[in-house]
Amino acid sequence: MKKYHPSRKALMFIRIIIFAAAVALTVLARTYLAPYKIIMWTAIGICWALVVCFGLILIPLYFRRTVYCISSAEISKHSGMIYLSRTVMKFSAVQYITEIVTPLSRITALNFIIINALGGKILIPFLSSSDCDEISSLVSSQLRKRDG
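Every chain's residues receive numbers from 1 upward, in the order its sequence appears when written. In keeping with the predicted nature of the model, local features appear solely for residues at pLDDT of at least 70, side-chain atom pairs appear and are counted solely at 80 or more, and the whole-chain, interface and lining totals rest on all residues. Note that water and hydrogens are dropped before the side-chain values are worked out from all heavy atoms of the structure.

A. Examining the pattern of salt bridges more closely. One side-chain nitrogen of Lys or Arg within 4 Å of one carboxyl oxygen of Asp or Glu is enough to make a salt bridge. The final tally for this structure, using the stated rule, is two salt bridges. Among the ionic pairs, Glu134 bridges to Lys2, the shortest N-O distance being 3.7 Å. Residue Glu134 is located in helix 4 (residues 129-147), and its partner Lys2 is located in strand 1 (residues 2-4); the two are separated by 132 residues in the primary sequence. Residue class for Lys2 comes out partly exposed when judged on its relative accessible area of 40%. As a salt-bridge pair, Arg86 and Glu74 come within 4.0 Å of each other at their nearest N and O atoms. Starting at the N terminus, helices and strands are each numbered in turn, a helix being any DSSP run of H or I of at least four residues and a strand any DSSP run of E of at least two. Only protein chains enter the area calculation, which uses a 1.4 Å probe; residues under 20% of their type maximum are buried, those over 50% are exposed, and those in between are partly exposed.

B. Representation of the sheet that holds strand 7 (residues 120-127) in the model. At least two bridges found by DSSP between two strands are what make those strands a pair. Pairing within the open sheet is antiparallel, and its three strands lie in the order 5-6-7. Bordering the open sheet on either side are strand 5 (94-101) and strand 7, each of which pairs with just one other strand. In this sheet, neighbouring strand axes are inclined to one another by 15° on average, regardless of whether the strands run parallel or antiparallel. In terms of strand pairing, strand 6 (residues 111-117) meets strand 7 through six bridges, oriented antiparallel. Between N-to-C directions, angles span 0 to 180 degrees; the directions come from axes that are lines fitted to C-alpha atoms, helices contributing only their stretch in contact.

C. View of the nonpolar core. Residue types Ala, Val, Leu, Ile, Met, Phe, Trp, Tyr and Cys, when buried and joined through side-chain atoms within 4.5 Å, form a set referred to as a nonpolar core. Phe63, Val94, Ile115 and Phe126 are the most contacted members of the largest nonpolar core, which totals 28 residues. Looking at this core, the elements that each hand over two or more residues are helix 1 (8-32), helix 2 (37-65), strand 2 (67-70), strand 5, strand 6, strand 7 and helix 4.

D. Representation of the packing of aromatic side chains in the model. Centres within 6.5 Å are what make two rings of Phe, Tyr or Trp a pair, Trp counting through its six-membered ring; a difference in plane orientation under 30 degrees is then read as stacked, over 60 as edge-to-face, and the rest as tilted. Applying the stated criterion across every chain yields a total of four aromatic pairs. Centre to centre, the rings of Phe19 and Trp48 are 5.5 Å apart; their planes meet at 65°, and the pair counts as edge-to-face. Within this pair, whereas Phe19 is found in helix 1, its partner Trp48 is found in helix 2, the two being separated by 29 residues in sequence. Looking at Phe19, the relative accessible area reads 46%, which means it is partly exposed. For Trp48, a relative accessible area of 27% translates into the label partly exposed. Each residue in the set Tyr62, Phe63, Phe112 and Phe126 is aromatic and connected to the rest through ring pairs, giving one cluster.

E. Highlighting a nonpolar patch on the surface. The patch calculation keeps residues exceeding 30% relative accessible area without a salt bridge and links them within 9 Å when they carry like charges or within 5 Å when they are nonpolar (Val, Leu, Ile, Met, Phe, Trp, Tyr). Using a 1.4 Å probe, the Shrake-Rupley method yields the accessible areas, and only the shown protein chains count as cover for residues. On the surface, Phe19, Val23 and Val27 cluster together into a nonpolar patch covering about 260 Å² of accessible area. Tracing the backbone shows Val27 in helix 1.

F. Highlighting the environment of Ser7. Structurally, Ser7 is set in the loop between strand 1 and helix 1. Whether two residues are in contact is decided by their heavy atoms: any pair within 4.5 Å suffices. Every residue in contact with Ser7, bar those within four places of it in the chain, is listed here: Phe63, Ala109, Phe126, Leu127 and Ser128.

Printed below as a string of structure tokens:
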């Protein structure tokens, strides 16, 4: 059984995007809500509270708790932020896989694999490029071996 974890590059990229969005919303609030001081400061406070909540607590917690396990018998995903969930799919039920690689994926690590089965699917997000290629080739070879 091989275990995979989400890439830390994806965590850093998501944090940068959240921070940039918060800065942009702060600038917009200061520009357009300047006559309404209470509303402006409330909007800015809520925006930065969400940045702290998601960027520093919840999303890193998700990345720390998420593990993908792939063996010859099953594929499982253990994840969660507030509550933990476990998704298991037997390898014999797998029909096909979809590999999604974004531009600049070596920098952002926004690579995804969707494993489809009869009536269900498992999404494996935020993989490094090497892990994405390795999982894709492993599942493809197992499917070819099973079908061939």
